[in-house]
Amino acid sequence: MVEVDKFVGKTFPTPEGGTLTALVYMGMDNNYSRLYKVECNICKLDLELNPEYYISSKSNLDNGSCPCGCARNPQWSSEQQVVRIRRECTDRGYLFSGFVGDYKGSTKTYLNLYNPVTGNKWSTTNIANFFKGRGDPEQGVLDAAHNSTILSKTYIKTMINKFSSLSH
């Protein structure tokens, strides 16, 4: 007789408004925790970023732990990071040519990046800072110079307007 696992089919909310569903009992881990294959109804829609199901223990699911990209602080694999980085580079117009050394997590792994607009290659940005907006240092210098010029022109126009209004 096959044992019916009442946990299979149970659902759990994710922080992003999705639903995790326990699909299949996978066995026990080294701590004798029951492991389940789970799926998130949001994450499963992005097969490039989430090509497989997630595995989670019953206790983690019961305690509100979220193993997918909907977690408050997702634990992305190196393969998932590459997908995320390439997408962000496409949005910013950069090219990504890999990690500097081995993948060591988002705060300790640096990126080899290239900006065709400035012709600059750099490897001083880690994954975490890249997703916080850090980009091409050369572009930053150009943007600062451009903004400074715009501010100077605006200031000069303002001063001219003030002086010309005084003379009338």
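The notes below deal with the structure included here.

Turning to unusual backbone geometry, a few remarks are in order. Here the phi dihedral of Tyr32 falls at roughly 65 degrees; this positive angle occurs in a residue that is not glycine. With respect to the secondary-structure elements, Tyr32 resides in the loop between strand E2 (19-28) and strand E3 (34-40). Residue class for Tyr32 comes out exposed when judged on its relative accessible area of 68%.

Before going further, it helps to spend a moment on the sheet that holds strand E7 (residues 120-126). The strand order across the open sheet formed by three strands is E5-E6-E7, and the pairing between neighbours is antiparallel. Looking along the sheet, the strands with just one partner apiece sit at the ends: strand E5 (95-100) and E7. The average undirected angle you get between the axes of adjacent strands in this sheet is 25 degrees. Of the strand pairs in this sheet, E5 and strand E6 (residues 110-115) are connected by four bridges, and their pairing is antiparallel. Directly across from Leu95, in E6, lies its bridge partner Tyr114. Seen against the sheet, helix H2 (residues 78-92) touches E5 and E6 and runs at an angle of roughly 150 degrees to E5.

Further remarks concern the packing of aromatic side chains. Scanning all chains against the criterion turns up eight aromatic pairs. Each ring, one from Phe7 and one from Tyr36, has its centre 4.7 Å from the other, and the planes form 45 degrees; the classification is tilted. Of this pair, Phe7 sits in the segment before strand E1 (11-13) while Tyr36 sits in strand E3, placing them 29 residues apart in sequence. Overall, Phe7 belongs to the buried group, its relative accessible area being 5%. By relative accessible area, Tyr36 is classed as buried at 1%. Taken together, the aromatic side chains of Phe7, Phe12, Tyr25 and Tyr36 make up a single cluster linked through ring pairs. Here the guanidinium or amino end of Arg92 rests over the ring plane of Phe130, the centre of that ring lying 4.1 Å away.

Turning to the pattern of salt bridges, a few remarks are in order. Taken as a whole, this structure holds seven salt bridges when the rule is applied. Lys10 is the partner of Asp62 in a salt bridge, and the nearest nitrogen-oxygen pair spans 3.7 Å. You can see Asp62 sitting in helix H1 (residues 58-62) and its partner Lys10 sitting in the segment before E1, a full 52 residues away along the chain. For Lys10, a relative accessible area of 39% corresponds to the partly exposed category. A salt bridge links Lys58 to Asp62; the shortest N-O distance between them is 2.9 Å.

Quick look at the sheet that holds strand E4 (residues 54-57) now. Within the open sheet, the four strands sit side by side as E1-E2-E3-E4. Their pairing is antiparallel. The outermost strands of the open sheet, each flanked by one partner alone, are E1 and E4. For this sheet the average axis-to-axis angle between neighbouring strands, irrespective of direction, equals 40 degrees. Sheet topology note: the E1/E2 ladder contains three bridges and is antiparallel. When the sheet's bridge partners are listed, Phe12 is paired in E2 with Leu20.

Rules behind the numbers
- Residues numbered from 1 in each chain as written.
- Predicted model: local features only at pLDDT ≥ 70, side-chain atom pairs only at ≥ 80, totals over all residues.
- Heavy atoms only, no water.
- Helix = DSSP H or I, 4+ residues; strand = E, 2+ residues; numbered from the N terminus.
- Buried < 20%, exposed > 50% of the residue type's maximum accessible area, 1.4 Å probe, protein only.
- Pairing = 2+ DSSP bridges.
- Axes fitted to C-alpha atoms, helices over the stretch in contact; angles between N-to-C directions.
- Contact = heavy atoms within 4.5 Å.
- Phe/Tyr/Trp six-rings, centres within 6.5 Å; stacked < 30°, edge-to-face > 60°.
- Lys NZ or Arg CZ within 6 Å of the ring centre and 35° of its normal.
- Salt bridge = Lys/Arg side-chain N within 4 Å of Asp/Glu carboxyl O.

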